[in-house]
Structures are given as structure tokens and as C-alpha cells.
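# Architecture and fold: a report
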Amino acid sequence: MSQKDVLRPGHVGIRVMDLDEAVRHYTDHVGLIETARDREGRVYLKAWDEYDWFSLVLREADESGMDFMAFKVRDAEALARLEQALAEFGCRVERIPAGELAHCGERVRFDSPTGHHFELYAEKDFYGNEVGTTNPEAFVDTVGGMAANRFDHCLLYGTDLDGSLRLFREVLGFDLAEQVLDGETLVGAFLSCSNKAHDIAFIRHDEPGRLHHVSFLLDSWEEVLRAADIMSKYGISIDIGPTRHGITRGKTIYFFDPSGNRNEVFAGGSTWYPDHPTITWTADSLGKAIFYHDRVLNENFLAVVT
Ligand code: FE
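Here goes a summary of the coordinates provided. (Residues numbered from 1 in each chain as written. Predicted model: local features only at pLDDT ≥ 70, side-chain atom pairs only at ≥ 80, totals over all residues. Heavy atoms only, no water.)

## A closer look at the packing of aromatic side chains
As a reminder of what qualifies: Each pair of aromatic rings taken from Phe, Tyr and Trp, with Trp reduced to its six-membered ring, is defined by centres within 6.5 Å and is described as stacked if the planes are under 30 degrees apart, edge-to-face if over 60, and tilted in the remaining cases. Using a 1.4 Å probe on the protein chains alone, a residue whose accessible area is under 20% of its type maximum counts as buried, one over 50% counts as exposed, and one in between counts as partly exposed. Strands are runs of DSSP state E lasting at least two residues, helices are runs of H or I lasting at least four, and both sets are numbered from the N terminus onward.
Enumeration over the complete set of coordinates arrives at 14 aromatic pairs. Ring centres 5.8 Å apart and planes at 25° place the aromatic pair Phe110 and Phe118 in the stacked group. Just as Phe110 is buried, Phe118 falls in that class too. Aromatic pair Phe118 and Phe202: ring centres 6.2 Å apart, planes at 75°, arrangement edge-to-face. Here Phe202 lies in strand 12 (residues 200-204) and Phe118 lies in strand 8 (residues 117-121), a separation of 84 residues in the sequence. What makes Phe118 buried here is its relative accessible area of 0%.

This is how it looks when you write it as C-alpha cells:
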């Protein structure tokens, strides 16, 4: 599959333990915009440079973690085609009617071998970005905090990594841009459905269905440093950084939302083209692969997931 049915990450639904606190974190500090609330009390947010109505859905629950991550597909035909292919692959597949999430069309929900819930959808209401499409300004000063440009990707931890890799490559048409091997065993897979270094990534883990981080794009290394300043000023829990990843080459900082869900803001990263070879990192270079400057993994990176 070259011109892909799957366009890009579209939204992520996460559980938070205190909704008001979470909304403050994602609006005042990450710089997202609240765009809707629904009858179930879920809060919808988007980043300033996104056009569709939302990319983050917050739901109050007793435990943090990810409910689902969704990808936007080309059109209704692609959605139907992929729905069938997912069922043939052996996924449990469910159609969720339009409007179950506010401003979103029909979704096809499926489970992955790593134990995560994913969704595909073809339609979401157009909201518009903060600068418009005619002679747009190059930046915004109407949003606060880190002013994240967009929801970019998730890193997920789960059990059957080989199974999810097969699913994303063979059914959804993703490419394996980078991988981490421990001997013959695949321990990390960084997958792209676009020109980005990754749109979704998985790490092998002994529990299914875990969230490592939800990532948002910034413009530059300077903005990553500014994000770190904001974290210190407002007492946001920093996991690691600012630093750089060997994998994807992104400049990054990890931090936690008030419920303990890990966030990332990052800038830059390598470009993926479908004819590029997969880059391999070996287990003995894992420290450098994940944190290029420290060259060692911190215990948090491996152990703290929601
Ligand atoms: Fe990331």
C-alpha cells in the first residue's frame, strides 16, 4: 500500500482522575483549546494548528491511562475496506455510530495484539485552526503555555509486539521506520503512515494495553526549552529532558499530567520515505537510542506506564 488509506493520528482518549485539573493542565500549560463537552462529561480539546474539531478527549475515571487512539482514514470506502481487513486479520471489530463522540463520524474500533483499543474514522467536523487558510500568520499568541502545534503520536507498551507490528504493517499499511532488537527479539517498533519519523510506536512489555506517552509537536528546540521553563514555573512533574532521542532524532521533554499520564513535547525528527530502509537499534545501544545525551535509560522510562 503506497498512497495510504490511513492518513494520520486523529485523536486519543485518555482517562484522568480529576477532570478540572486535567483541563487546566492541557489548556493553560500544554496550550490546547477546549472545543466541546458532551453529556457524559467528556472534554474535547485540539491544538492550535489542527483543523478538525478535537484531537484529545479527556474522561474522568478512577484510573489514568488510554481509552483509545484513533487514526483518520481517507474516506468512507477506505473505512469499509479496512474494517473488513481487520476482521479477516482476527481483530475484534465494532462500528460505533456517528455522534457517539461529539463532532465525529462513524468509527471502527478494534483491539490490537498489544492489548490496545484503536479506532478508525473518515469524518470529523471542521473547526479550523487559529490562523486560517488565507494568508495565515506563522504563529499564534492566542493560546497559552507551550502552545503545542498538534497531537503527534503515542508510544504504547504491550504484550504481543510482533502481532501489533503485523497488524499495522499488513492491514493498516504502516511502514517500520525504526526498530529495537534484543538479539532476534523485537522490543521496540516505530511505525509511520506518513513522512513522519513515527505516527505510533510500541515497546514490548509484560502487561497489555499500557500507555507510555501522548506526544505533541512543537516548532523548535527553543520551544522545547521554553516548555521546560513552563514546567518548572508551574511545578509540572518532569520525567526527563530536555534531551534528544537517538530513535527518530527528535528533541524532547517528558512530563506528567496531574493524573500521572506521561506527556511529551518534541521538535524535529527524521523524515520517513517508504523506500527508506528500516533503522535498527541494538539492545546494547538502547540507552543512546532513547536518550541520546545521557546514553542510559532511567528506570522511569521502562517502568512508569498508565
Ligand atoms: Fe514520543
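That was the structure; now back to the text.
## Focus: the side chain of Arg262
The test is simple: Whenever two N or O atoms come within 3.5 Å, that pair is a polar contact, provided that in protein one can donate a hydrogen and the other can accept it, and provided that, for residues adjacent in sequence, both atoms are side-chain atoms.
The topology assignment puts Arg262 in strand 16 (residues 262-267). The buried category is assigned to Arg262, whose relative accessible area is 1%. At a separation of 2.9 Å, a polar atom in the side chain of Arg262 contacts the main-chain carbonyl oxygen of His212.

## A look at the packing of helix 2 (residues 76-89) against helix 3 (residues 161-171)
Quick note on the threshold: Angles run from 0 to 180 degrees between N-to-C directions of axes, and those axes are lines fitted to C-alpha atoms, restricted for helices to the stretch in contact. Should the near helix be turned anticlockwise from the far one by less than a right angle, the crossing is termed left-handed; should it be turned clockwise, right-handed. Should any heavy atoms of two residues lie within 4.5 Å, those residues are counted as being in contact. Think of it as three bins: nonpolar holds Ala, Val, Leu, Ile, Met, Phe, Trp, Tyr, Cys and Pro, charged holds Asp, Glu, Lys and Arg, and polar takes everything else, Gly as well.
It is at 11 Å that the axes of helix 2 and helix 3 come closest, and there the two elements cross at 145°. In this structure, helix 2 crosses over helix 3, and the sense of that crossing is right-handed. Note on element contacts: helix 3 touches helix 2 through Gly163, Arg166, Leu167 and Val171, opposite Leu82, Ala85, Leu86 and Phe89. Its residues assigned to classes, the contact of helix 2 with helix 3 shows 6 nonpolar, 1 polar and 1 charged.

## Overview of the sheet that holds strand 6 (residues 93-96)
Short version of the rule: We call two strands paired when DSSP finds no fewer than two bridges between them.
Here we have 8 strands laid out as an open sheet, ordered 2-3-4-1-5-8-7-6, and mixed in their pairing. Two strands bound the open sheet, and with one partner strand each, they are strand 2 (33-37) and strand 6. Recorded for the sheet is a direction-independent mean angle of 25° between the axes of neighbouring strands. With 4 bridges connecting them, strand 6 and strand 7 (residues 107-111) associate as antiparallel partners. What sits directly across from Glu94, in strand 7, is Arg109.

## Comments concerning a negative patch on the surface
In plain terms, the rule: A patch is a set of surface residues, each over 30% in relative accessible area and not in a salt bridge, joined within 9 Å for like charges and within 5 Å for the nonpolar side chains Val, Leu, Ile, Met, Phe, Trp and Tyr. For accessible areas, the Shrake-Rupley method is used with a probe of radius 1.4 Å. Any residue's cover is judged against the shown protein chains and nothing else. Think of a salt bridge as a Lys or Arg side-chain nitrogen and an Asp or Glu carboxyl oxygen that are within 4 Å of each other. The sign given to each residue is positive for Lys and Arg and negative for Asp and Glu; His and the chain ends receive no count. Charged side chains are reduced to one point each, which is NZ for Lys, CZ for Arg, CG for Asp and CD for Glu.
Together, Asp18, Asp20, Glu21, Glu60, Asp62 and Glu63 make up a region of like negative charge exposed at the surface. Position of Glu21 relative to the elements: it lies in helix 1 (residues 19-29).

## Observations concerning the sheet that holds strand 16
Spatially, the 9 strands line up as an open sheet ordered 14-15-16-13-9-12-11-10-17, and their pairing is mixed. A single partner strand is all that each edge strand has here, and the edge strands are strand 14 (238-244) and strand 17 (279-282). Across this sheet, the average inter-strand angle for adjacent strands is 15°, counted without regard to direction. By the bridge criterion, 4 bridges tie strand 13 (residues 210-217) to strand 16 in an arrangement that is parallel. Residue Leu217 lies in a different strand from strand 16, and its bridge partner there is Phe266. Where helix 4 (residues 221-233) meets the sheet, its contacts fall on strand 14, strand 15 (251-256) and strand 16, and the angle it forms with strand 14 comes to roughly 160°.

## Topic: the environment of Ala189
Tracing the backbone shows Ala189 in strand 11 (residues 185-192). On a C-alpha basis, the gap between Ala189 and Leu155 in space is 9.5 Å, while along the polypeptide they are 34 residues apart. Every residue in contact with Ala189, bar those within four places of it in the chain, is listed here: Leu161, Leu165, Leu176, Glu178, Ile200, Ala201 and Phe202.

## Description of the nonpolar core
To keep it simple, the criterion reads: Residue types Ala, Val, Leu, Ile, Met, Phe, Trp, Tyr and Cys, when buried and joined through side-chain atoms within 4.5 Å, form a set referred to as a nonpolar core.
Membership of the largest hydrophobic core comes to 62 residues, with the highest contact counts inside it found for Leu58, Leu120, Phe168, Leu172 and Ile200. Beyond its immediate chain neighbours, meaning those up to four positions away, Ile200 contacts Met69, Phe71, Phe118, His153, Cys154, Leu156, Phe168, Phe174, Ala189, Phe190 and Leu191. In terms of nonpolar packing, the next biggest core, distinct from the first, is built from 15 residues, Leu155, Val180, Ile240 and Phe301 among them.

## Considering the side chain of Asp257
Note that Asp257 resides in the loop between strand 15 and strand 16. Salt bridges are absent for the buried Asp257, whose nearest opposite-charge side chain, Arg262, sits at 10 Å. At 2.8 Å, the side chain of Asp257 and the backbone nitrogen of Ser259 are in polar contact. The residues contacting Asp257, other than those within four sequence positions of it, are Ile14, Val16, His25, Tyr26 and Asn263.

## Here's the deal with the environment of Leu302
Within the secondary structure, Leu302 is located in helix 6 (residues 299-303). Given the relative accessible area of 36%, Leu302 is considered partly exposed. Spatially, the C-alpha atoms of Leu302 and Asp239 are 12 Å apart, while their sequence positions differ by 63 residues.

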